[in-house]
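Here is how the chains run, residue by residue.
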Amino acid sequence: MSRIKLSYYPYTIKLKDTFSIASGSRNTTPAVMVEVEHNGLVGYGEASLPPYLEENQDSVINFLNNIHLDKYADISNINLLLDFVDNSVTGNSAAKASLDIALYDLWGKLNSLPLYKMLGVQIKKNLFTSFTIGISNAEELERKIESASGYKFLKVKLGSNRDKEIISSIRMYTDKPLFVDVNQGWKDKYFALDMMNWLSEKKVLLVEQPIPKENLEDAKWLLEKSPIPIIADEAVQDISDIEKIKDCYTGINIKLMKAGGIRNADRMIKLARDLKLKVMIGCMTETSCAISAASHLAPLADWIDLDGSELISNDLFSGLKIVSGEIVVPDTPGLGIEKKN
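All values derive from a computational prediction rather than experimental measurement.

*Asks:* Explain the packing of aromatic side chains to me, please; I cannot follow it from the model alone.
*Replies:* Overall, the coordinates contain seven aromatic pairs when judged by the stated rule. For the pair Phe153 and Phe179, a centre-to-centre distance of 5.5 Å together with 20° between the ring planes defines the contact as stacked. Of this pair, Phe153 sits in strand 5 (residues 153–157) while Phe179 sits in strand 6 (residues 178–181), placing them 26 residues apart in sequence. Here Phe153 and Phe179 have matching classes, each one buried. Ring centres of Trp186 and Phe191 lie 6.0 Å apart, and the angle between their planes is 80°; this geometry places the pair in the edge-to-face category. The aromatic ring of Phe128 is capped on one face by Lys152, whose charged end is 4.8 Å from the ring centroid. In this structure, Lys189 is placed above the aromatic ring of Trp221, and the distance from its NZ or CZ to the ring centre is 4.6 Å.

Here is the structure:
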């Protein structure tokens, strides 16, 4: 039986539009693409590395240089391999996610089953993702809202001195329900509460990370008074953070790059449910590799934000389909993706 072969290479994800949030703007996202080969089949994985993660391409490649999967000749016990990856070093969540995703893709292909069936997830209809609009001027907002006309929900980035202007402009063009993501942009809890009250009148369904992640006392105060749900994003990086914030937020945004991959994301969902927290499945700007991987967990979430591959211009893969804002989870073996030529 052949040994598992690991290969990887750096990649730069290009965004269709400048992507602006409270902490800055960018046109690209660095990434590292991973392939694991076994018995003639290849599993694909990805580490997407936006600025707020501590990792970069060099750190991911250094991590992968020290992972020797070639000592394994059997992938039937995937947890054995994932334990090996998780226990290799601390941190490096995106690097670990890249291997986790690739191994799950390979595992599903070797068993001729889509990932959701391997995970025991029941697929359902009405899995609607939001479409993300970065901080934009009025002209850009109109164009982006038009380009997202097929989506049921919009996700709007706030955290600038133009927040009310942005929401008011959006309401000139559409009355679709909104998710709002502040990315820690509101520093004062009283200002945040005023904004939450104002947003509740503007058909906003939830607000992500309104205040800095370390301000848990302020977050708890805000949660007690807010008329709409508050979701932790930066405040929850991995499963170890959930207990700390359980009384301070309505729910958590789980992303594969933060969690360390599919297995840990699944564990985070289970713990969140045990603690009566709501769940959003989210993403970075990623190719259809990582987005398709996350889609297999989408039926377990209350809210879905898996539009990352729709925001980029150089997707390496085909896989997940979004039809009028509704996610169609791939139904072919593994992640259900194919690498483009």
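*Asks:* Help me understand empty space enclosed by the protein in this model?
*Replies:* Any empty space left between the atoms is revealed when a probe the size of a water molecule rolls over them. Under the definition given, this model contains one cavity of 30 Å³ or more. By volume, the largest cavity amounts to about 30 Å³. Lining the largest cavity, in full, are Leu82, Val85, Asp86, Lys96, Asp100, Gly260, Arg263 and Asn264. Within the residue set of the lining of the largest cavity, elements represented by two or more residues are helix 2 (78–86), helix 3 (93–110) and helix 11 (262–274). With three residues, helix 2 is the single largest residue contributor to the lining of the largest cavity.

*Asks:* What's the story with the environment of Trp221 in this structure? I'm lost.
*Replies:* Residue position: Trp221 is located in helix 8 (residues 216–225). Each C-alpha atom of the pair Trp221 and Ile123 lies 37 Å from the other, and the pair is 98 residues apart in sequence. The residues contacting Trp221, other than those within four sequence positions of it, are Lys189, Tyr190 and Leu193.

*Asks:* How do you make sense of the sheet that holds strand 8 (residues 230–232) when you look at a structure like this?
*Replies:* Think of a sheet as strands paired side by side through backbone hydrogen bonds, with each pair either parallel or antiparallel. Reading across the sheet, the eight strands line up as 4-5-6-7-8-9-10-11 and stay open at both edges, with parallel pairing between neighbours. Of all the strands in the sheet, the pair left with one neighbour each is strand 4 (130–133) and strand 11 (303–304). Where strand 5 lies against strand 6, four bridges are found, and the strand directions are parallel. Across the sheet, the residue bridging to Val156 is Val180, located in strand 6.

*Asks:* In this structure, what is going on with the pattern of salt bridges? I would like to understand it.
*Replies:* Any two side chains of opposite charge can pair, on the condition that their charged atoms come close. All told, the structure shown has 17 salt bridges when counted by the stated rule. With its nearest N and O atoms 2.6 Å apart, the salt bridge here joins Glu208 to Lys155. One end of the pair, Glu208, is in strand 7 (residues 204–208); the other, Lys155, is in strand 5, with 53 residues separating them in the sequence. When its relative accessible area of 0% is taken as the criterion, Glu208 is described as buried. Since its relative accessible area comes to 2%, Lys155 is described here as buried. Notably, a salt bridge pairs Glu165 with Arg162, separated by 3.5 Å at the nearest N-O pair. Overall, Arg162 belongs to the partly exposed group, its relative accessible area being 22%. Via salt bridges that share partners, Lys155, Lys157, Asp181, Glu208 and Asp305 belong to a single interconnected network.

*Asks:* I keep staring at the pairing of strand 1 (residues 5–21) and nothing clicks. Help me out?
*Replies:* The side chains of a regular strand alternate, residue by residue, between the two faces of the sheet. Across 13 bridges, strand 1 lies against strand 2 (residues 24–38) in antiparallel orientation. Bridge pairing in strand 2 places Phe19 opposite Arg26.

*Asks:* When you look at the layout of surface pockets in this model, what are you seeing that I'm missing?
*Replies:* Volume-wise, the largest pocket comes out at about 480 Å³. Lining of the largest pocket is provided by 19 residues; of these, Gly91, Asn92, Ser93, Asp238 and Lys258 occupy positions nearest its centre. When its residues are assigned to classes, the lining of the largest pocket shows four nonpolar, eight polar and seven charged. In this structure, the second largest pocket spans a volume of roughly 400 Å³. Looking at the second largest pocket, it is lined by 24 residues, and the ones nearest its centre are Phe19, Ile21, Arg26, Tyr52 and Lys157. At the level of secondary structure, the elements contributing two or more residues to the lining of the second largest pocket comprise strand 1, strand 2 and strand 5. For the lining of the second largest pocket, the per-class residue count stands at eight nonpolar, seven polar and nine charged.

*Asks:* What should I look at first to understand the sheet that holds strand 3 (residues 41–48) in this one?
*Replies:* On the basis of which strands lie adjacent, the open sheet formed by three strands has the order 1-2-3 and antiparallel pairing. Looking at the sheet topology across the chains shown, the edges are occupied by strand 1 and strand 3. Strand-to-strand twist across the sheet, computed as the mean angle between neighbouring axes with direction ignored, equals 25°. Most of the contacts of helix 3 go to strand 3, to which it runs at about 155°, and overall it touches strand 1, strand 2 and strand 3.

*Asks:* Would you take a moment to explain a negative patch on the surface for this structure?
*Replies:* A cluster of acidic residues, Glu139, Glu140, Glu142 and Glu146, forms a negative patch at the surface. Position of Glu146 relative to the elements: it lies in helix 5 (residues 138–147).

Rules behind the numbers
- Residues numbered from 1 in each chain as written.
- Predicted model: local features only at pLDDT ≥ 70, side-chain atom pairs only at ≥ 80, totals over all residues.
- Heavy atoms only, no water.
- Phe/Tyr/Trp six-rings, centres within 6.5 Å; stacked < 30°, edge-to-face > 60°.
- Helix = DSSP H or I, 4+ residues; strand = E, 2+ residues; numbered from the N terminus.
- Buried < 20%, exposed > 50% of the residue type's maximum accessible area, 1.4 Å probe, protein only.
- Lys NZ or Arg CZ within 6 Å of the ring centre and 35° of its normal.
- 1 Å grid on protein atoms, 1.4 Å probe; cavity = no way out; pocket = protein on both sides within 12 Å on 5 of 7 lines; lining within 4 Å.
- Points joined across faces, edges and corners; volume = space filled by probe spheres on them.
- Contact = heavy atoms within 4.5 Å.
- Pairing = 2+ DSSP bridges.
- Salt bridge = Lys/Arg side-chain N within 4 Å of Asp/Glu carboxyl O.
- Nonpolar A, V, L, I, M, F, W, Y, C, P; charged D, E, K, R; others polar.
- Axes fitted to C-alpha atoms, helices over the stretch in contact; angles between N-to-C directions.
- Patch = residues over 30% accessible without salt bridge, like charges linked within 9 Å, V, L, I, M, F, W, Y side chains within 5 Å.
- Areas by Shrake-Rupley, 256 points an atom, 1.4 Å probe, with all protein chains shown as cover.
- Lys, Arg positive; Asp, Glu negative; His and termini not counted.
- Charge placed at Lys NZ, Arg CZ, Asp CG, Glu CD.

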